[in-house]
Every structure is written in structure tokens, then in C-alpha cells.
Amino acid sequence: MKSFFYGSLLFIFLILPPVAELLESVMIIHMHMQMPLLIIAGMLMAPLFQKKSFLRRWNENGQPGILLFMLIFSYWLLPRTMDEALSSMWMEGFKFISLPFLAGVPLRDSWTKVTNGTKRVVLIVMTLLSALMGWIYIFSPNQLCNNYLIVEQVTLGWGFWTMGLCISIYIVYDMFSEKWEDSY
């Protein structure tokens, strides 16, 4: 219950208009700070939802939850959705609901249920998505988001490449740790 309290507190803090406006004012902070913090808030609130029988039946082996997480995560990587979250009150509301409750909660519920192989696939897909999105944001000759400058777009691209590199380092570390050998 303590986890739910902290998650709720974080969620309420993130939806406060001054905080939301500040975090959305810079593109890389919007994508690589506000959105992950919303997912973390959902992960912290997940234990309360895990007690519900619907979630237990629906996500018995963890695969549906991981799939839902990946769909929501991928959706919010698109430049158009991030741009619309700033322009449309409805899209911003969807962001504040989908990231914690349709990405964070299922991720926490699923991560302990899926196999190590599935976890590696998720991390590899996230690495590849980071590399692809980094390439798109850095090398696009056009401004992808109307609400941000091209220099912020390029900075976000480098942030994606850095995130992909960090996940890759973790995957290599995991390969050479004892956990990798124990899973086969």
C-alpha cells in the first residue's frame, strides 16, 4: 500500500499544470523524463491493481501485459502523438492515463511473470526502437514536431541513441552475468 501512495503522489505531482508545462517545455525532458516518470508512477501503483481478479486472469502469463506496454510505449514515440499532446487537451489527458495505467501497471504485473527470454526480447526491441527513433529525429531534414525547434529534435535523437546504448550495455552485462547461463 505504501507503493501505491508514492505512485499516486508522483502521478498527482506530474499532472499539476505548472509541473506539466515545465516538463513539456523542452522536448527531451518531455520524452525522456515526463513520460518515463508517468510509467514509473503506474508501476508504483500496480500492486493495488494486481489484487483485482480481472488483471490476474487477463495477464496470467505476462504476455498480454508486455504487449500492451510495448504498444503504448511505441505509440508515444511517434512525433505526431507527442506534438498533439501539447495541442489537444484530449491527447494530453490520454497521455496521463495511458502511460501510467496502460503501460506502467501492465509492465510491473508482467515483468515477474514472463521468461528471461521475453525480457531480453523486450530490451532488444526497445534498443532497436531507440536507435531508429534517434536516427529519425537526428537526420530528418524537416521539423517533426510543430511545438519544438529542430535543435531540440536533434537533441532528442541523441537522447534516444544514448538510451539505446545504455540498454545495450545492460544486455551485454546480462549476457556475461551468471543469470544468462542459469536461464538455459
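Counting from 1, residues in each chain are numbered in the order their sequence is written. Only residues with pLDDT of at least 70 get local features here, since the model is predicted, and only at 80 or more are side-chain atom pairs given and counted; chain-wide, interface and lining totals rely on the full set of residues. Side-chain numbers come from the whole structure's heavy atoms, not from hydrogens or water.

A short note on the side chain of serine 110
Counting from the N terminus, the helices are the DSSP runs of H or I reaching at least four residues and the strands are the DSSP runs of E reaching at least two. If you trace the backbone, serine 110 turns up in helix α7 (residues 89–111). Any residue under 20% of the maximum accessible area for its type is buried, any over 50% is exposed, and the rest in between are partly exposed; the area is computed with a 1.4 Å probe on protein chains only. For serine 110, a relative accessible area of 0% puts it in the buried group. N or O atoms closer than or at 3.5 Å make up a polar contact, with two conditions inside protein: a donor-capable atom paired with an acceptor-capable one, and, for residues adjacent in sequence, both atoms drawn from side chains. Within the local environment of serine 110, its side chain forms a polar contact with the side chain of asparagine 59, the two groups lying 2.7 Å apart. Between two residues, a contact is recorded if the distance between any of their heavy atoms is within 4.5 Å. The contact partners of serine 110, leaving out residues within four places of it in the chain, are Asn59, Gly62, Gly65 and Ile66.

Concerning the packing of aromatic side chains
Here the aromatic set is Phe, Tyr and Trp, taking the six-membered ring for Trp, and pairing holds for ring centres within 6.5 Å; pairs whose planes are under 30 degrees apart are stacked, those over 60 apart are edge-to-face, and all others are tilted. Applying the stated criterion across every chain, the model contains 12 aromatic pairs. Each ring, one from tyrosine 170 and one from tyrosine 173, has its centre 6.4 Å from the other, and the planes form 45°; the classification is tilted. Of this pair, tyrosine 170 and tyrosine 173 both sit in helix α9 (residues 150–176), 3 residues apart, which is roughly one turn of the helix. Residue classification places tyrosine 170 among the partly exposed positions, given a relative accessible area of 36%. Residue class for tyrosine 173 comes out exposed when judged on its relative accessible area of 55%. Members of the aromatic cluster, each reached through a chain of ring pairs, are Trp135, Phe139, Trp158 and Trp161. A cation over an aromatic ring shows up here: lysine 95 above the ring of phenylalanine 96, its NZ or CZ 5.0 Å from the ring centre. Lysine NZ or arginine CZ positioned within 6 Å of the ring centre and within 35 degrees of the ring normal marks a charge as sitting over the ring.

Points about the side chain of aspartate 83
Along the polypeptide, aspartate 83 turns up in helix α6 (residues 79–87). From its side chain, aspartate 83 meets the backbone nitrogen of asparagine 146 in a polar contact 2.9 Å long. Excluding residues that lie within four positions of it along the chain, aspartate 83 makes contacts with Cys145, Asn146 and Asn147.

Topic: the nonpolar core
Nonpolar core, defined: a set of buried Ala, Val, Leu, Ile, Met, Phe, Trp, Tyr and Cys residues in which side-chain atoms within 4.5 Å join the residues together. Counting 39 residues, the largest nonpolar core has Met31, Phe69, Met82 and Tyr137 as its most contacted members. Residue assignment for this core shows that the elements contributing at least two residues are α1 (2–15), α2 (17–24), α3 (27–50), α5 (63–75), α6, α7, α8 (116–139) and α9. Per-element accounting of this core gives the leading share, 7 residues, to α3. Phenylalanine 69 has contacts with Ile39, Leu102, Ala103, Leu107 and Met126, leaving out every residue within four places of it along the chain.

Focus on α5
Between the first and last C-alpha of α5 there are 18 Å, a value that for 13 residues agrees with the 18 Å anticipated at 1.5 Å per step. All buried positions along α5 are accounted for by Gly65, Ile66, Phe69, Met70, Ile72 and Phe73. Between the first and last residue of a helix there are one fewer steps than residues, each counted as 1.5 Å, and that sum is the expected span.

Here's the deal with the packing of α1 against α2
Lines fitted to C-alpha atoms define the axes, with helix axes restricted to the stretch in contact, and inter-axis angles between N-to-C directions lie between 0 and 180 degrees. Packing of α1 against α2 leaves a shortest axis separation of 5 Å and a crossing angle of 75°. Looking at the two axes, α1 sits roughly perpendicular to α2. Residues Phe13, Leu14 and Ile15 of α1 touch α2, and the partners they reach there are Pro17, Val19, Ala20 and Leu23. Looking at side-chain class alone, the contact of α1 with α2 contains 7 nonpolar, no polar and no charged residues. Under this scheme an angle from 65 to 115 degrees is roughly perpendicular, one under 35 degrees roughly parallel, and one over 145 degrees roughly antiparallel; angles in between are oblique. Gly is put with the polar residues, along with every residue not named as nonpolar or charged; the nonpolar set is Ala, Val, Leu, Ile, Met, Phe, Trp, Tyr, Cys and Pro, and the charged set is Asp, Glu, Lys and Arg.

Quick look at a nonpolar patch on the surface
The patch calculation keeps residues exceeding 30% relative accessible area without a salt bridge and links them within 9 Å when they carry like charges or within 5 Å when they are nonpolar (Val, Leu, Ile, Met, Phe, Trp, Tyr). Here the accessible surface of atoms and residues is derived via Shrake-Rupley with a 1.4 Å probe, and residues count as covered only by protein chains that are part of the display. Here, a salt bridge means any side-chain nitrogen of Lys or Arg that lies within 4 Å of a carboxyl oxygen of Asp or Glu. A contiguous nonpolar patch, built from Ile12, Phe13, Ile15 and Leu16 and spanning about 350 Å² of accessible area, is present on the exposed surface. With respect to the helices and strands, isoleucine 12 occurs in helix α1. For isoleucine 12, a relative accessible area of 47% corresponds to the partly exposed category.

Examining the confidence of the model for the protein
pLDDT: the predictor's confidence for each residue, scored from 0 to 100. Residues of the protein with pLDDT of at least 70 account for 95%, and the chain-wide mean is 91. Averaged pLDDT values over the elements of the protein bottom out at 55 in helix α10 (residues 178–182) and peak at 95 in α2.

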